[in-house]
Amino acid sequence: MGIKLAHALGAHVVALTTSASKKQAAFDFGADEVVVSKNEVEMKAHAGSFDFILNTVSSSHNLDPFLSLLKRDGTLTLVGAPEHPHTSHTVFNLILGRKALAGSLIGGIAETQEMLDFCAARGIVSDIEMIAMQDIEKAYVRLLNNEVKYRFVIDMATLKPPAKVSRATRGDDTLTEEIGT
């Protein structure tokens, strides 16, 4: 959704990925270019060319290669929160180019609603995989095996109704007995 949103804001979007196998998916989402960050030739071709990088990676990684992609006064903003700290970046990468390293949490309710309204007005939607509640364990295994392309959304219509309950009253007491479904 980020690529689609950036395009709607008028940005030239370059998607950065660690895997060449994900290039086509990034183009399908609307990226103008795709760079494999493990490919030194592709990375060097974009050195000093970006005003802004939105880093959504939630695992610890070296930020230096990405800082080198920024123009003078460019900003790398982190929104993924890794379990372990990122590899320490070279301070000169920041100082010599007057570059900024920033972070952001999600916005508040008003900001989130504004973004949702903006997306709705432009037909920007997330790509998801709908799963039944009964398939949650299978989905979790796929997640652990890195076999998930998009976010899972659980179809709440597949949620089994709660067990039927019969009630009997005796004076001021209420007795409850579960009946299996």
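Residue positions are given per chain, counting from 1 as you read along its sequence in written order. Owing to the predicted nature of the model, reporting of local features is limited to residues with pLDDT of at least 70; listing and counting of side-chain atom pairs is limited to 80 or more, with chain, interface and lining totals taken over all residues. Each side-chain value is worked out from all heavy atoms of the structure, with water and hydrogens disregarded.

## Some thoughts on the overall build of the chain
Phase 1: A helix here means a DSSP run of H or I that spans at least four residues, while a strand means a run of E at least two residues long, and both kinds are numbered starting from the N terminus. Secondary structure summary: the chain contains 7 helices and 9 strands in total.
Phase 2: Accessibility here uses a 1.4 Å probe with only protein chains present; expressed as a share of the type maximum, an area under 20% marks a residue as buried, one over 50% as exposed, and anything in between as partly exposed. The burial tally for the chain puts 22% of its 181 residues in the buried class.
Phase 3: The long-range share in the chain, meaning contacts at least 24 apart out of those at least 6 apart in sequence, stands at 41%.
Phase 4: Working note: accessible area of the chain is about 12900 Å², and carbon and sulfur atoms make up 57% of it. Two residues form a contact once any of their heavy atoms are found within 4.5 Å. For the accessible areas, the method is Shrake-Rupley and the probe is 1.4 Å, while residue cover comes only from the protein chains on display.

## Digging into the pairing of strand β4 (residues 70-78)
Two faces make up the sheet, and in a regular strand the side chains alternate between them.
Phase 1: One ladder, built from 5 bridges, connects strand β3 (residues 50-55) with β4; its direction is parallel. Paired with Leu-54 across the strands is Thr-77, a residue of β4.
Phase 2: When DSSP finds at least two bridges between two strands, those strands are taken to pair. Where β4 meets strand β5 (residues 100-103), 4 bridges bridge the pair, whose relative direction is parallel. The residue of β5 that forms the bridge with Thr-75 is Ala-100.

## As for the side chain of His-61
Phase 1: Among the structural elements, His-61 can be located in the loop between β3 and α4 (64-67).
Phase 2: At a separation of 3.0 Å, a polar atom in the side chain of His-61 contacts the side chain of Asn-55. Pairs of N or O atoms within 3.5 Å make up the polar contacts considered here, provided that, within protein, one atom can donate a hydrogen while the other can accept it, and that residues adjacent in sequence are counted only when both atoms are side-chain atoms.

## Observations concerning the sheet that holds β4
Phase 1: The strand order across the open sheet formed by 3 strands is β3-β4-β5, and the pairing between neighbours is parallel. Each edge of the open sheet is held by one strand with a lone partner, namely β3 and β5. Shown here is a sheet whose adjacent strand axes are inclined to one another by a mean of 15°, direction ignored. Orientation is described by lines fitted to C-alpha atoms, with helices fitted over the stretch in contact, and by angles between N-to-C directions that extend from 0 to 180 degrees.

## Things to note about the packing of aromatic side chains
The description of an aromatic ring pair uses the distance of the two centres, along with the angle that the planes make with each other.
Phase 1: Stacked, tilted and edge-to-face pairs are distinguished by plane angle, under 30 degrees for stacked and over 60 for edge-to-face with tilted covering the rest, among Phe, Tyr and Trp rings (Trp via its six-membered ring) whose centres lie within 6.5 Å. If you walk through the whole model with that rule in mind, you get 0 aromatic pairs.
Phase 2: Two conditions define a charge sitting above a ring: the NZ of Lys or the CZ of Arg must be within 6 Å of the ring centre, and it must be within 35 degrees of the ring normal. Positioned over the ring face of Phe-118 is Arg-122, at 3.6 Å from the centre of the ring.

## Here's the deal with the nonpolar core
Phase 1: By size, the foremost hydrophobic cluster in this structure holds 13 residues, and its most contacted members are Phe-50, Ile-53, Phe-66, Leu-69, Leu-70 and Leu-76.
Phase 2: When residues of this core are traced back to their parent elements, those giving at least two are β3, α4 and β4.
Phase 3: Ranked by the residues each element gives to this core, the list is headed by β4, at 3 residues.
Phase 4: Setting aside chain neighbours within four positions, we find Leu-76 in contact with Ile-53, Asn-55, Leu-63, Phe-66, Leu-67, Leu-70, Ala-100, Leu-101 and Ala-102.
Phase 5: Among the nonpolar cores identified, the runner-up in size contains 6 residues, and Val-13, Ala-15, Ala-31 and Val-34 belong to it. Nine residue types can take part in a nonpolar core, namely buried Ala, Val, Leu, Ile, Met, Phe, Trp, Tyr and Cys, and a core is a set of them joined through side-chain atoms within 4.5 Å.

## Notes on the confidence of the model for the chain
Phase 1: The predictor rates its confidence in each residue with pLDDT, a number between 0 and 100. For the chain, per-residue confidence averages 85 on the pLDDT scale, and residues scoring 70 or more make up 88% of the total.
Phase 2: Considering each helix and strand of the chain separately, the mean pLDDT is smallest for strand β9 (residues 173-179), with a value of 50, and largest for helix α3 (residues 40-45), with 96.

## A short note on the pattern of salt bridges
Phase 1: Salt bridges are counted wherever a side-chain nitrogen of Lys or Arg sits within 4 Å of a carboxyl oxygen of Asp or Glu. Taken as a whole and assessed by the stated rule, the structure comprises 5 salt bridges.
Phase 2: The partner of Lys-71 in a salt bridge is Asp-51, and the shortest N-O contact between them spans 3.7 Å. With Lys-71 in strand β4 and Asp-51 in strand β3, this pair connects stretches of sequence that are 20 residues apart.
Phase 3: For Lys-71, a relative accessible area of 34% puts it in the partly exposed group.
Phase 4: The partner of Lys-138 in a salt bridge is Asp-135, with the nearest N and O atoms 3.8 Å apart.
Phase 5: Classification of Asp-135 as partly exposed rests on a relative accessible area of 30%.

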